[in-house]
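A look at the structure
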Amino acid sequence: MASGTVPFINVDVLLAQAQAATAAMAAARTAAVEGHLQRVLAAFRAERLGPHHFASVSGYGHADSGRDSLDRVYARVMGAEAAAVRLQFVSGTHAIAAALFGLLRPGDLLLAVAGRPYDTLEWVIGLRGEGRGSLAEFGIGYDELPLRPDGCVDEVALADALACKPRLLLIQRSRGYSWRPSLDPDTIGRICELAHHRSPDSICFVDNCYGEFVAAVEPTACGADLMAGSLIKNPGGTIVPCGGYLAGRAELVEQACCRLTAPGIGSRGGTSFDLNRLLFQGLFLAPQMVSEALIGNDLVAHVFQQLGYAVSPQPGDVRNDVIQAVRLGDPQLLARVCRAFQAASPVGSYLEPTPAPMAGYGSALVMAGGTFIDGSTSEFSADAPLREPYVLFCQGGSHRAHVLLALRAALRALTEHPPTTLP
């Protein structure tokens, strides 16, 4: 077939088949919302959440009772000893970097147990870029364990690697831009148990971005010492404007906060800019939003698999994040799908995604992200690094109807229009 085209298909029939094939899973995902929401509501009740918690303070942010209450709510929801929820984190990568710089010291070893970390962390570690103050420039060692051929963590190799007594194990839950399964809490729990047994002083740190409210529990309830995530992904419920969070053992959360602010200030500083209501409300909305995103993931997987493309996860697989990967294998197809998704977006539908460099990434990216919060990917969006095998990574989806509309636009663009040339 010509580059950038697919055989003719009946779009409406294919989408109807996808909905029918995924109906039972959609019902199960909807039913799971109740358990997640009960956990959130229980935390609100325990902290006696009231309208007075929505106010904030100015300046240093000392004695921000709403912020402090939100920290305790997050700790309860995440099954952690303590948490810090801060708008001062500019991204999930920033929250992760604060934890790494807060916990590691010169001469320590950082071990990534799930292969190469997400692109933006390569700069933090020192795998790319020079003179930017990376961990490597501070004398912190780095090693990584390759994944098994099936894409899973090599727990046998990990047992051997723990003989080096790494100070910190970096466990990336989500697939990132890799063609591998995302990690479930049980697997993360096994990794933590093994590490704590073989190397008791090692810290098990989880990058939990895209994973919140997907499984019944979070990694900190399964043995992780600390985890971090972004507030403009799952836990923000599409309405939190910025920020990130840390959750885990109290002393580790505090050490990470000392990197965000300063030693001696730690978690006691940082105003919430009168946005506490959105932070609480976003957490309340998050379980429903994540459920809809997972249902949308199922639809995307079924549709593209029916078209003959490799997808990960496959329909029926257990999901552990809100990302769906589709191996298109063709830059023109990738660009056309992103353009169609952008045209179906609520914000910036008139824009045409084109490949461009982005800070922190190793390849040019083409992105479809017409979201209300810039970069959130909580409304249905997609992006892809412009490199072989040209894999499209679909994320988010605040309601399944939007995913269906975006899929319809993409399928029609692929079958009803002539090929395009990638800029």
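Residues numbered from 1 in each chain as written. Predicted model: local features only at pLDDT ≥ 70, side-chain atom pairs only at ≥ 80, totals over all residues. Heavy atoms only, no water.

Considerations on the packing of helix 4 (residues 92-103) against helix 8 (residues 250-260)
Working note: a packed helix pair is described by the angle between its axes plus the distance between those axes. The contact between helix 4 and helix 8 brings their axes to 7 Å, and the two run at 105°. Considering the angle they form, helix 4 stands roughly perpendicular to helix 8. Contact residues: His94, Ala98, Ala99, Phe101, Gly102 and Leu103 in helix 4; Leu252, Gln255, Ala256, Arg259 and Leu260 in helix 8. Taken together, the residues that form the contact of helix 4 with helix 8 break down as seven nonpolar, three polar and one charged. (Axes fitted to C-alpha atoms, helices over the stretch in contact; angles between N-to-C directions. Helix = DSSP H or I, 4+ residues; strand = E, 2+ residues; numbered from the N terminus. Parallel < 35°, antiparallel > 145°, perpendicular 65-115°, else oblique. Contact = heavy atoms within 4.5 Å. Nonpolar A, V, L, I, M, F, W, Y, C, P; charged D, E, K, R; others polar.)

What about the domain arrangement of the chain?
We note that the domain assignment places domain 1 (11-33 + 288-416) and domain 2 (37-283) within the chain. Between the C-alpha centres of domain 1 and domain 2 the distance comes to 26 Å. Contacts between the two partners involve 34 residues from domain 1 and, on the opposite side, 30 residues from domain 2. Our count for the domain 1 to domain 2 interface comes out at one salt bridge. The partner of Asp119 in a salt bridge is Arg387, with the nearest N and O atoms 3.4 Å apart. Counting across the domain 1 and domain 2 interface gives 13 residue pairs in polar contact (both at pLDDT 80 or more). Elements supplying a minimum of two residues to the side of domain 1 that touches domain 2: helix 9 (276-306), strand 8 (310-312), strand 9 (323-327), strand 11 (381-385) and strand 12 (391-395). (Domains from an automatic or database assignment. Salt bridge = Lys/Arg side-chain N within 4 Å of Asp/Glu carboxyl O. Polar contact = N/O pair within 3.5 Å; in protein donor to acceptor, adjacent residues only side chain to side chain.)

Overview of the nonpolar core
In this structure, Tyr74, Leu158, Leu169, Ile171, Tyr245 and Leu283 are the most contacted members of the largest nonpolar core, which totals 58 residues. Per-element accounting of this core gives the leading share, eight residues, to helix 9. When residues are assigned to domains, this core turns out to be shared by domain 1 (11-33 + 288-416) and domain 2 (37-283), each giving three or more. Other than its neighbours up to four places away in sequence, Tyr74 contacts Ala83, Val85, Leu231, Pro235, Tyr245 and Leu283. Membership of the second largest hydrophobic core comes to 36 residues, among which are Leu14, Leu299, Leu411 and Leu414. (Core = buried A, V, L, I, M, F, W, Y, C linked by side-chain atoms within 4.5 Å. Buried < 20%, exposed > 50% of the residue type's maximum accessible area, 1.4 Å probe, protein only.)

Describing the side chain of Arg39
With respect to the element layout, Arg39 can be found in helix 2 (residues 23-46). Among the polar contacts listed, one links the side chain of Arg39 to the backbone oxygen of Val77, at a separation of 2.8 Å. Separated by 3.1 Å, the side chain of Arg39 and the backbone oxygen of Ala216 make a polar contact. Beyond its immediate stretch of four places on either side in the chain, Arg39 contacts Val77, Phe213, Ala216 and Glu218.

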